[in-house]
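Here's the letter readout for the chains.
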Amino acid sequence: MSRKAIVTIVAAVIAVLIIGVLAISSNSNNAEKKTGAQASTNSVQLSDQERFHLNLPRRDASDSMAMGDVDAPVTLIEWADFRCPFCSLFAEQTLPKLQHYFDEGKVRFEFRDMPVFGDDSVYAAMAARAAGEQGLYHEYQLTLYRALPDSGHPPVSEELVLETAQKVGVPDMDKFKSDLESDELSELIQRDYAEAKQLGISSVPIFVIGTQALEGAQPLDAFESVIEEELAKASQR
């Protein structure tokens, strides 16, 4: 074979190798671009306000005022007063219809005291927490809400507080009465109140669901809509 033919063959082989390398490089770059585009699409960009809301949940496994999985992807926080008619409306009509989210491990509910209507509001909060010390917080809360009129800011008497405890089956009434005077429980209520004031909350009820805030006794579909949005966002974080 002539020298010229050999040179021609070698040149052809080199050309094929170069084309192959370029093709592999091009495919690799395209794959990286595609992966980057997918990552950009799948990630959720959060504002500072949204990040702030996500940092509000306490996720305390020992919290007797909470419901649902401590690691649920979405948390619903409520600030409320027992003597608030709109808080009562939410507790009696809306919250029970959201229970399936808590049972399914999708949403965690956390309650915070915001006693804006005076001493009787604090007394009611103390009574619910005293029942919570015996594992009956939510039963007591709902029963007390139902016992109070859904208008104005009704008084909360000692008779009503004790009657409600007996109605929900608080096992140790002596302990319940003692806890009504508990400095520790009082301090926890004041902690919730101080937190709410620091957040700029001045009326109730107020809710934070994931990254979003809702004000007032919104209809059920408003809560369901926000919860579904937040579940979708959480799946992409």
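Residues numbered from 1 in each chain as written. Predicted model: local features only at pLDDT ≥ 70, side-chain atom pairs only at ≥ 80, totals over all residues. Heavy atoms only, no water.

(A) Looking closely at the pairing of strand 2 (residues 74–80). Within strand 2, 7 of the 7 residues are buried, leaving the element largely enclosed by the surrounding structure. Because side chains alternate across strand 2, one face comprises the buried residues V74, L76, E78 and A80, and the other comprises T75, I77 and W79, equally buried. Pairing analysis gives 7 bridges linking strand 2 to strand 3 (residues 107–113), with the strands arranged parallel. Across the sheet, E78 pairs through a bridge with F111, a residue of strand 3. Traced from strand 2 through helix 3 (residues 85–103) to strand 3, the parallel crossover comes out right-handed. As paired elements, strand 2 and strand 4 (residues 206–209) share 4 bridges and run antiparallel to each other. When the sheet's bridge partners are listed, I77 is paired in strand 4 with V208. (Buried < 20%, exposed > 50% of the residue type's maximum accessible area, 1.4 Å probe, protein only. Helix = DSSP H or I, 4+ residues; strand = E, 2+ residues; numbered from the N terminus. Pairing = 2+ DSSP bridges. Right-handed = clockwise from strand over helix to strand, strands pointing away.)

(B) View of unusual backbone geometry. Of note, the bond from V204 into P205 is cis; its omega dihedral lies within 30 degrees of zero at 0 degrees. Here P205 is to be found in the loop between helix 8 (183–198) and strand 4.

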